[in-house]
Amino acid sequence: MPKPQPNELFTALRAGDTVALSRAITLVESSRAEHRKQAEVLLQLCLPYAGRSFRIGITGVPGVGKSTLIEQLGLLAIAKDHSVAVLAVDPSSRKTGGSILGDKTRMEKLSVHPRAFIRPSAAGTTLGGVAGSTREAIILLEAAGYDLILVETVGVGQSETAVHSMTDLFLLLLLSGAGDELQGIKRGIMEMADIVAVNKADGDNVIRADQTRMDFKRALHLFPPPASGWTVPVLTCSALTGTGMEHLLEQIMDYRTFVNSNGFLERNRSRQLQYWFHESLQQQLMNQLTERFPDDVEAASQAVLEGRELPSAAIAALLNRLFSR
Ligand SMILES: Nc1nc2c(ncn2[C@@H]2O[C@H](COP(=O)(O)OP(=O)(O)OP(=O)(O)O)[C@@H](O)[C@H]2O)c(=O)[nH]1
Ligand SMILES: [Mg+2]
């Protein structure tokens, strides 16, 4: 079967064809040069339809209940006439590939719902690669008409920063009754959160969850207020029983209204575009240099490794030489 061309994929995904949408995402995830060219044509076609969704990043330690919560929240949002797409950025699961099955089973009802689309974790290259393609996948999902996009990320390392820099709202999930030392949640991640929810507030955990909620509310006072001007709410919920989910969705929509009306949403998005422009500039310059001038790059690198030159000087000399050719 011949591979569909970018314009065919575009027409099909605009018409709601989810098979075409899946293929389109696979295409932007590919690092092969010919795929990359096609992906760029496709993304360019989609660009006029991008930016119309509300993008939510969801983070928290493994097992906190992100996928379970996405299932609940997604179904609730659909009941309120939204259409929901889910992406996962999960560099840790690449070895086993286990999360693909896991995500689908955790989101049993959502994954079969006609107004939902779930794309399990990308099996791929570096985090940078995964993050870049996730960003592009968001554009495809928006062109396909999804108005709520949920991006799940595991609470490790840089994936938070990457997801934070491509979403409008960052939701931090915490475990109840494990409040000591702020559960090892890094300060930087706390600072990114627009909403904090203590999950698993059910059964014997209800009281402890509320204690955790108060602890975190106090802890949040120690951080500088968010640039959006929004007061970060700390809630309790149970993704298992559904308790608190309505309230969480309300808070999400309140935040959306808030940042829409004070202009922060737009400012934040243009800052994000700026960030991705610079990231991409660095990445592409680097790739071009190492592909086209491998010997020169290697020589400069050797000079640094042998202690003959400082990195900045070696690179300045390298660039001078290349640009004056
Ligand atoms: N009691 C209780 N269990 C929950 C709740 N939410 C999730 N769980 C359970 O916690 C386990 C992990 O849930 P997941 O939704 O897979 O958690 P996750 O954060 O997506 O995990 P990773 O994707 O591996 O990082 C599952 O067994 C869920 O059934 C909750 O609100 N209450
Ligand atoms: Mg999960």
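Residues numbered from 1 in each chain as written. Chains lettered and ligands numbered in written order. Predicted model: local features only at pLDDT ≥ 70, side-chain atom pairs only at ≥ 80, totals over all residues. Heavy atoms only, no water.

### Points about the site of ligand 1
Note the cut-off: The criterion for a residue being near a molecule or strand is simple. One of its heavy atoms has to lie within 4 Å of it. As used in this structure description, the phrase polar contact means that two N or O atoms lie within 3.5 Å; if the pair is within protein, one of them must be able to donate a hydrogen and the other to accept it, and residues adjacent in sequence are counted only when both atoms belong to side chains. Computed by Shrake-Rupley with a 1.4 Å probe, the accessible areas treat only the displayed protein chains as cover when residues are assessed. By the criteria applied, helices consist of DSSP H or I runs no shorter than four residues and strands consist of E runs no shorter than two, each listed in order from the N terminus. Note on residue categories: nonpolar means Ala, Val, Leu, Ile, Met, Phe, Trp, Tyr, Cys or Pro, charged means Asp, Glu, Lys or Arg, and polar means any other residue, Gly included.
Surveying the vicinity of ligand 1 reveals 17 residues, the closest of which are Lys66, Thr68, Arg106, Asp202 and Ala239. Note that an oxygen atom of ligand 1 is positioned 3.0 Å from one of the backbone N or O atoms of Gly65. Interatomic distance of 3.0 Å between a side-chain N/O atom of Lys200 and an oxygen atom of ligand 1. Relative to its unbound accessible area of 650 Å², ligand 1 is 75% covered by the protein chains. Broken down by element, the residue count for the shell around ligand 1 peaks at 3 residues, all from helix H4 (residues 66-79). A class-by-class count of the residues in the shell around ligand 1 yields 6 nonpolar, 6 polar and 5 charged.

### Overview of the coordination of the magnesium ion (ligand 2)
Put simply, the rule is: Here the coordinating atoms are restricted to nitrogen, oxygen and sulfur within 2.8 Å of the metal centre, or 3.2 Å for Na, K and Ca, and because water is not among them the sites may look incomplete. Only protein chains enter the calculation, and the probe is 1.4 Å; a residue is then buried if its accessible area is under 20% of its type maximum, exposed if over 50%, and partly exposed in between.
Bound to the magnesium ion (ligand 2) on the protein side are Ser67 (OG) and Glu152 (OE), at distances that span 2.1 to 2.2 Å. Within this pair, whereas Ser67 is found in helix H4, its partner Glu152 is found in strand S4 (residues 148-153), the two being separated by 85 residues in sequence. Each of the two residues, Ser67 as well as Glu152, counts as buried.

### Quick look at the packing of aromatic side chains
Short version of the rule: Any two rings among Phe, Tyr and Trp, with Trp reduced to its six-membered ring, count as a pair given centres within 6.5 Å; such a pair is stacked if its planes are under 30 degrees apart, edge-to-face if over 60, and tilted if neither. Charges are assigned to positions over rings by a cutoff of 6 Å between ring centre and Lys NZ or Arg CZ, combined with an angular limit of 35 degrees from the ring normal.
Here the structure, examined in full by the defined rule, presents 5 aromatic pairs. Each ring, one from Phe117 and one from Tyr146, has its centre 6.1 Å from the other, and the planes form 40°; the classification is tilted. Here Phe117, found in strand S3 (residues 116-119), pairs with Tyr146, found in the loop between helix H7 (127-143) and S4; they are 29 residues apart in sequence, far enough to count as distant. Its relative accessible area of 8% is what places Tyr146 among the buried residues. Between Trp230 and Tyr255 the ring centres are 5.1 Å apart and the planes differ by 85°, which places this aromatic pair in the edge-to-face class. Residue Trp230 is located in the loop between helix H10 (206-220) and strand S7 (234-236), and its partner Tyr255 is located in helix H11 (residues 245-261); the two are separated by 25 residues in the primary sequence. Both residues of the pair, Trp230 and Tyr255, belong to the buried class. Taken together, the ring pairs in this structure connect Trp230, Tyr255 and Phe258 into an aromatic cluster. Above the ring of Tyr49, the side-chain terminus of Arg14 is found at 3.7 Å from the ring centroid.

### A word on the sheet that holds S7
As a reminder, the rule being used: When DSSP finds two or more bridges between two strands, those strands count as paired. Axis geometry follows a simple rule: fit a line to the C-alpha atoms, using only the stretch in contact for helices, then measure angles between N-to-C directions, giving values from 0 to 180 degrees. Should any heavy atoms of two residues lie within 4.5 Å, those residues are considered in contact.
Taken in spatial order, the 7 strands make up an open sheet running S3-S2-S4-S1-S5-S6-S7, and their pairing is parallel. For this open sheet the edge positions go to S3 and S7, each flanked by a neighbour on one side alone. In this sheet, adjacent strand axes meet at a mean angle of 20° when their direction is disregarded. Of the pairings in the sheet, the one linking strand S6 (residues 195-199) to S7 comprises 3 bridges and is parallel in character. Bridge assignment links Val198 to a residue of S7, and that residue is Thr236. Running at roughly 175° to S4, H4 makes contact with strand S1 (54-59), strand S2 (84-89), S3, S4 and strand S5 (169-175) of the sheet. Contacting S5, S6 and S7, H10 crosses the sheet at an angle of about 175° to S7.

### Re the pattern of salt bridges
The condition is simple: Only one rule defines a salt bridge in this text: a Lys or Arg side-chain nitrogen within 4 Å of an Asp or Glu carboxyl oxygen.
Summed over all chains, the structure comprises 11 salt bridges. Between Arg308 and Glu306 there is a salt bridge; the shortest N-O distance is 2.8 Å. Sharing partners across several salt bridges, the network here consists of Arg36, Glu40 and Glu136.

### Points about the pairing of S6
Every other side chain in a regular strand lies on the same face of the sheet, so the side chains alternate between the two faces. When you tally the buried positions in S6, you get 5 out of 5 residues, the bulk of the element. Where burial is concerned, the two faces of S6 agree: the one with Ile195, Ala197 and Asn199 and the one with Val196 and Val198 are both buried. Relative to S6, S5 is paired through 5 bridges, and the arrangement is parallel. Counted as the bridge partner of Leu173 is Ala197 from S6.

### Regarding a nonpolar patch on the surface
Note the cut-off: Each patch is built from residues that are more than 30% exposed by relative accessible area and take part in no salt bridge. Like charges join if they lie within 9 Å; nonpolar side chains (Val, Leu, Ile, Met, Phe, Trp, Tyr) join within 5 Å.
A cluster of nonpolar side chains, contributed by Phe277, Leu281 and Leu285, occupies part of the molecular surface with about 300 Å² of accessible area. Mapped onto the secondary structure, Leu285 falls in helix H12 (residues 264-292).

### A few points about the packing of helix H1 (residues 6-14) against helix H3 (residues 33-46)
Worth spelling out the cut-off: Working rule for angles: under 35 degrees goes down as roughly parallel, over 145 as roughly antiparallel, 65 to 115 as roughly perpendicular, anything else as oblique. With the far helix as reference, a near helix turned anticlockwise by less than a right angle produces a left-handed crossing, and one turned clockwise produces a right-handed crossing.
Across the interface, H1 lies against H3 with an axial gap of 9 Å and an inter-helix angle of 40°. If you check the angle between H1 and H3, you find them oblique. Considering the relative orientation of H1 and H3, their crossing is right-handed. Residues Pro6, Asn7, Leu9, Phe10 and Leu13 of H1 lie in contact with H3, whose contacting residues are Gln38, Val41, Leu42, Leu45 and Cys46.

### Considerations on the nonpolar core
Counted only if it meets this: Nine residue types can take part in a nonpolar core, namely buried Ala, Val, Leu, Ile, Met, Phe, Trp, Tyr and Cys, and a core is a set of them joined through side-chain atoms within 4.5 Å.
The biggest cluster of nonpolar side chains holds 49 residues, and the ones touching the most others in it are Leu69, Leu171, Leu248 and Ile252. The greatest single-element share of this core, amounting to 7 residues, is contributed by H11. Residues contacting Leu248, with those up to four places away along its chain left out, are Leu69, Leu73, Leu171, Ile195 and Leu235. The next biggest cluster of nonpolar side chains, apart from the first, holds 35 residues, and it includes Cys46, Phe117, Ala162 and Met192.

### Remarks on the packing of helix H2 (residues 18-29) against H3
Direction vectors running N to C along H2 and H3 enclose 125°, while the axes themselves pass 8 Å from each other. It follows from the interaxial angle that H2 and H3 lie oblique. Both H2 and H3 take part in a crossing whose hand is left-handed. Facing H2, whose interface residues are Ala24, Leu27 and Val28, H3 presents His35, Arg36, Gln38, Ala39, Leu42 and Leu43. Taken together, the residues that form the contact of H2 with H3 break down as 6 nonpolar, 2 polar and 1 charged.

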